[in-house]
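Commentary on secondary and tertiary structure
Single-letter residue listing:
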Amino acid sequence: MRPSGRKTDQMRKVSFERNFSKHAEGSCLVKFGDTHVLCTASLEEKSPPWLRNSGKGWVTAEYGMLPRATGERMRREASAGKQGGRTQEIQRLIGRSLRAVVDLEALGERQISIDCDVIQADGGTRTASITGAWLALHDCLKWMEARSMIKPDRVLKDHVAAISCGIFANQPVIDLDYLEDSAAETDANFVMTGTGGIVEVQGTAEGKPFSQDELLTLLGLATHGIAELVALQKQAIA
C-alpha cells in the first residue's frame, strides 16, 4: 500500500494555472499534488555570445527552491555564494528537455530563459518543473507570434513532459511523493515528448540493483503517465 493510498499507476492530482505572473512573457503555476512550482519564461532579444551571427536562438533554464519549500528552512544558495550540484544538474535537465522540442533556427537570435521556482516541495520537483516549463515556453512563443516576431507554429515542434517512477515496497509505482521517494529502492525520472520520443532517462538503485524487466515496467508506467500529462497540457492551452 502506498502511503497516499494511491494505486501503483495513479498519479497525484495535476493542475496548471497559466498567466500566473503579470510581467513574464509566459508563466505557469504547476501543481503535482503538494509539489508546487512557478515557471516563468522571459525573452531576451539576443542570443548567447557563442551563438551570435549563427542565426540560432537558445532556450535555457534556472531552478531554485524557496527557503521554506521544505519542512525546515533551507539557506538560500545566493547567500552561500554558489549553486549546489543538484541545482545545476536539474536546471541543465530542464533546459535540455525544452530544447529537444524547439527549432532554434526558427526562434532566431534570441534567448528564452525559463525560471522554475519551487514554492512547495513534496517530491518530483524536477518533473513538475519540466512539465510546467513547457506551458510557460508555449505562452512566451504565442506572445512573440502575436507581435509577428516569429512565424506561427514554427518554433515549438512538440510537447514535452516528465514524470518520476520508482520501486517502493517492492512495487513499481508512478509519481513518487516525498515519503515514497525518500524510501524507494529504485528512483527514476523519465522525460518524453508528446509523440512518445524519449528525451532523457535517469535511474538509480538506492539499494538492490533493479532488473531490465523492472526498468521496462517503469518505462511503461512513465509512458502512460506522460501521455496523461500531455493531454492535460493540450487541455490547458485549448
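Preceding this section is the structure that the text describes.
Presented here is an overview of the structure given in this document. Fair warning: this is a prediction, and the values are worked out from it, not measured in the lab. (Residues numbered from 1 in each chain as written. Predicted model: local features only at pLDDT ≥ 70, side-chain atom pairs only at ≥ 80, totals over all residues. Heavy atoms only, no water.)

What follows deals with the sheet that holds strand β6 (residues 160-168). With respect to topology, four strands assemble into an open sheet ordered β7-β6-β8-β9, the strand pairing being antiparallel. Lying at the two open borders of the sheet, with one neighbouring strand each, are β7 (171-174) and β9 (198-205). Strand-to-strand twist of the sheet, defined as the mean angle between neighbouring strand axes without regard to direction, takes the value 15°. Sitting on the sheet, helix α2 (residues 85-99) touches β6, β8 (186-193) and β9, and the angle it makes with β9 is about 150°. In the packing of helix α6 (residues 212-237) onto the sheet, the strands contacted are β6, β7, β8 and β9, and the crossing angle to β6 comes to about 145°. (Pairing = 2+ DSSP bridges. Helix = DSSP H or I, 4+ residues; strand = E, 2+ residues; numbered from the N terminus. Axes fitted to C-alpha atoms, helices over the stretch in contact; angles between N-to-C directions. Contact = heavy atoms within 4.5 Å.)

We now examine the pairing of β8. Buried residues dominate β8, accounting for eight of its eight residues. Of the two faces of β8, the one holding Thr186, Ala188, Phe190 and Met192 and the one holding Asp187, Asn189, Val191 and Thr193 are both buried throughout. Inspection of the sheet shows β6 paired to β8 by eight bridges, in the antiparallel sense. Note that in β8 the partner of isoleucine 163 across the bridge is phenylalanine 190. When β8 meets β9, the two strands line up antiparallel, connected through seven bridges. Across the sheet, valine 191 pairs through a bridge with glutamate 200, a residue of β9. (Buried < 20%, exposed > 50% of the residue type's maximum accessible area, 1.4 Å probe, protein only.)

One finds Ile94, Leu98, Ile112, Ile114, Leu141 and Ile163 to be the most contacted residues of the largest nonpolar core, which totals 58 residues. For this core, the element with the most residues is helix α4 (residues 125-146), which contributes ten residues. When neighbours within four sequence positions are excluded, leucine 141 is seen to be in contact with Leu107, Ile112, Ile150, Val155 and Leu156. (Core = buried A, V, L, I, M, F, W, Y, C linked by side-chain atoms within 4.5 Å.)

Attention now moves to α4. For α4, built from 22 residues, the straight-helix expectation of 32 Å at 1.5 Å per residue is met to within 8% by its first-to-last C-alpha distance of 31 Å. Serine 148, located one to two residues past α4, shows a positive phi value of around 55°. (Expected span 1.5 Å × (residues − 1).)

Running from amino to carboxyl end, α2 crosses α4 at an angle of 40°, the nearest separation of the two axes being 10 Å. Considered as vectors, α2 and α4 are oriented oblique to each other. Remark: the crossing between α2 and α4 carries right-handed chirality. Residues Arg86, Glu89, Ile90, Leu93, Ile94, Ser97 and Leu98 of α2 pack against Thr125, Arg126, Ser129, Ile130, Ala133, Trp134 and Leu137 of α4. Residues of the contact of α2 with α4, tallied by class, amount to eight nonpolar, three polar and three charged. (Parallel < 35°, antiparallel > 145°, perpendicular 65-115°, else oblique. Left-handed = near helix turned anticlockwise from the far one by under 90°. Nonpolar A, V, L, I, M, F, W, Y, C, P; charged D, E, K, R; others polar.)

On the surface, Ile198, Val201 and Leu215 cluster together to form a nonpolar patch covering roughly 240 Å² of accessible area. Along the polypeptide, valine 201 turns up in strand β9. (Patch = residues over 30% accessible without salt bridge, like charges linked within 9 Å, V, L, I, M, F, W, Y side chains within 5 Å. Areas by Shrake-Rupley, 256 points an atom, 1.4 Å probe, with all protein chains shown as cover. Salt bridge = Lys/Arg side-chain N within 4 Å of Asp/Glu carboxyl O.)

So, about the side chain of histidine 36. Structurally, histidine 36 is set in strand β3 (residues 35-44). In terms of polar contacts, histidine 36 uses its side chain to reach the backbone carbonyl oxygen of glycine 33, at 3.2 Å. Those residues within four positions of histidine 36 in sequence are excluded, and the remaining contacts are Val30, Lys31, Asp117, Val118, Ile119 and Gln120. (Polar contact = N/O pair within 3.5 Å; in protein donor to acceptor, adjacent residues only side chain to side chain.)

Once that is clear, we can look at the pattern of salt bridges. Under the defined criterion, the tally for this structure stands at eleven salt bridges. With a closest N to O distance of 3.5 Å, glutamate 180 and arginine 6 form a salt bridge. A residue pair is termed long-range when its members are at least 10 positions apart, and glutamate 180 in helix α5 (residues 178-181) and arginine 6 in the segment before β1 (14-18) qualify at 174 residues. Each member of the pair glutamate 180 and arginine 6 is classed as buried. Two residues, aspartate 175 and arginine 12, come together in a salt bridge whose shortest N-O distance is 2.9 Å.

Looking now at the pairing of strand β2 (residues 26-32). The two faces of the sheet receive side chains in turn, since in a regular strand these alternate between them. Within β2, six of the seven residues are buried, which leaves the element mostly enclosed by the surrounding structure. Direction of pairing for β1 relative to β2: antiparallel, over a ladder of five bridges. By the bridge assignment, serine 15 is partnered in β2 with lysine 31. Counting the residues that bridge the hairpin from β2 to β3 gives two residues, and of these glycine 33 lies at a positive phi of roughly 60°.

So, on to α6. With 26 residues, α6 should cover 38 Å at 1.5 Å per step; its first-to-last C-alpha distance of 37 Å lies within 8% of that length. Among the residues of α6, those classed as buried are Leu218, Leu221, Ala222, Gly225, Ile226, Leu229, Val230 and Gln233. On its buried face, α6 sits against β1, β2, α4, β6, β7 and β8.

These values are about where atoms sit, not about what they do.
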